[in-house]
Amino acid sequence: MCGQRGDKGYLKGEVGVQESKKILPLEQYKKLADELSTVRPVYYLWGGEPFLYPDLIPLVKYLKSKKSFVSINTNGTMLEKFAEQIVDAGPDVIFVSLDAFRDINDEIRGKGSYDKVVAGFKAINEAKIKLNKKAPLMGVVTTVTNKNYKVLADLAEACKDFKIDVHIYNLGTYTNDKIVAEQKKYMKEKLDTDIDCLEAYNTGYNKGINGQECYDILNKIHSTDYGYLSITVPALNPEKIDEYYGNLEIPVRDHCIVPWCQCDINYNGDVHFCADYTDYVIGNITEQSFKDIFNGERANKFRHAIHESKDGMFPGCIRCYQNMLCGQKRKGY
């Protein structure tokens, strides 16, 4: 289901191999952190797999030296290897992607991945005790699909042994042929941009999810004390879950605020407003300061285009995960 490296991922296979050669050096990120130090932004480090970046630990240390909040999203398979270094570096939160209990998770993420994550949690917890540190807080993120929704409670039960702090159930970013076509037309007309990324979320992993059954499972999870916080994003009224998965053309959020409060900086320095839809580039940090990019002509053109669009969203954004976090909830949802 991953838009970057899933079935239709735009960084899948050889494309990803070639793009990996364009990663920025640590000094470029230090320069960015120096520029932004006065506003102390929240940094969310993700990928691909961030622990494959050779200077991730020094980067985290440098960002923390600037008094910023730092979180990392990882597949968890390298936590055991770097446990003490991670805890010593001082990230505030680590989110680990798990899709289900052992067999189904490994069917989705690769054989042995579940046990590697379990070993990673154990190593992090031991390192926190050894180094007498409370951070990082640890969380699990699960993307709900038709492959795993029936067994979510099994994973919730298993997570009791991981000593985590939060488990987030992401209802998923999904789209279809009609929405993709509308977005391509809109982006070409308004921003003279050809898009490829949205098609990566046209996977069909929303099909066949029984809304009532899914709600009953999530309700059971939320009403059970596992020793950690359970969160579903987006939070929906129960009668709307069928609609969420079955009718992708009905928006559940509007008036996206992302272009006014955050940016995604890609592995090659490209800057976009949305982490999932990277087609419209507003600048590159190797060529301009972040301030000039964020307040530049391309950035403001994008803001005007989204402000003038229906409900303050582009056609392809009605099920965008970023908007589920930052957008305005529509009545009835």
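Just so we're clear, the structure is a prediction, and the values are computed from it rather than from any experiment.

1. Some thoughts on the sheet that holds strand β5 (residues 166-170)
For sheets, the rule is that strands pair by backbone hydrogen bonds, running either parallel or antiparallel.
Consideration 1: Judged by pairing direction, the sheet is parallel, and its six strands sit side by side in the order β1-β2-β3-β4-β5-β6 without closing on themselves. Only two strands of the sheet have a single neighbouring strand rather than two, namely β1 (42-45) and β6 (229-233). Between one strand axis and the next, the sheet turns by 20° as a mean value, whatever way the strands run.
Consideration 2: Pairing geometry for strand β2 (residues 69-74) and strand β3 (residues 93-97), over four bridges, is parallel. Residue pairing for β3: threonine 74 is matched across the bridge by valine 96.

2. A word on the side chain of aspartate 276
Consideration 1: With respect to the helices and strands, aspartate 276 occurs in the loop between β9 (270-272) and β10 (283-284).
Consideration 2: A distance of 3.2 Å separates the side chain of aspartate 276 from the side chain of tyrosine 201, its partner in a polar contact.
Consideration 3: Beyond its immediate chain neighbours, meaning those up to four positions away, aspartate 276 contacts Gln4, Tyr10, Trp46, Cys197, Tyr201, Tyr321 and Gln322.

3. Looking at the packing of helix α4 (residues 79-89) against helix α6 (residues 113-130)
Consideration 1: Between α4 and α6, the shortest axis-to-axis distance is 8 Å and the interhelical angle comes to 25°. Taken together, α4 and α6 sit at an angle that is classed as roughly parallel. The way α4 lies across α6 gives a crossing that is right-handed. The segment α4 lies against α6, with Leu79, Glu80, Ala83, Glu84, Ile86 and Val87 engaging Ala119, Gly120, Ala123, Ile124, Ala127, Lys128 and Lys130.

4. Quick notes on the environment of methionine 313
Consideration 1: In this structure, methionine 313 sits in the loop between α12 (297-308) and α13 (321-326).
Consideration 2: With 56 residues separating them in the primary sequence, methionine 313 and isoleucine 257 have C-alpha atoms 9.3 Å apart.
Consideration 3: Those residues in contact with methionine 313 that sit more than four places away from it in its chain are Pro251, Arg253, Asp254, His255, Cys256, Ile306, Ile318 and Asn323.

5. Regarding the environment of leucine 98
Consideration 1: Here leucine 98 is to be found in the loop between β3 and α5 (102-109).
Consideration 2: Residue classification places leucine 98 among the buried residues on the basis of a relative accessible area of 1%.
Consideration 3: The sequence separation of leucine 98 and glycine 76 amounts to 22 residues, and the corresponding C-alpha distance is 8.5 Å.
Consideration 4: Excluding residues that lie within four positions of it along the chain, leucine 98 makes contacts with Asn105, Tyr114, Val117, Val140, Val141, Thr142, Leu155 and Phe162.

6. Quick look at helix α8 (residues 177-191)
Consideration 1: Spanning 15 residues, α8 covers 21 Å between terminal C-alpha atoms, matching the ideal 21 Å at 1.5 Å per step.
Consideration 2: The set of residues buried in α8 consists of Ile179, Val180, Gln183, Tyr186, Met187 and Leu191. One side of α8 holds all its buried residues, which, seen down the axis, span an arc of 130°. The outward face of α8, more than 90 degrees from its buried face, is lined by the exposed residues Asp177, Lys185 and Glu189.
Consideration 3: In the core, the buried residues of α8 are packed alongside α12.

Calculation criteria
- Residues numbered from 1 in each chain as written.
- Predicted model: local features only at pLDDT ≥ 70, side-chain atom pairs only at ≥ 80, totals over all residues.
- Heavy atoms only, no water.
- Pairing = 2+ DSSP bridges.
- Helix = DSSP H or I, 4+ residues; strand = E, 2+ residues; numbered from the N terminus.
- Axes fitted to C-alpha atoms, helices over the stretch in contact; angles between N-to-C directions.
- Polar contact = N/O pair within 3.5 Å; in protein donor to acceptor, adjacent residues only side chain to side chain.
- Contact = heavy atoms within 4.5 Å.
- Parallel < 35°, antiparallel > 145°, perpendicular 65-115°, else oblique.
- Left-handed = near helix turned anticlockwise from the far one by under 90°.
- Buried < 20%, exposed > 50% of the residue type's maximum accessible area, 1.4 Å probe, protein only.
- Expected span 1.5 Å × (residues − 1).
- Arc of directions from axis to C-beta.

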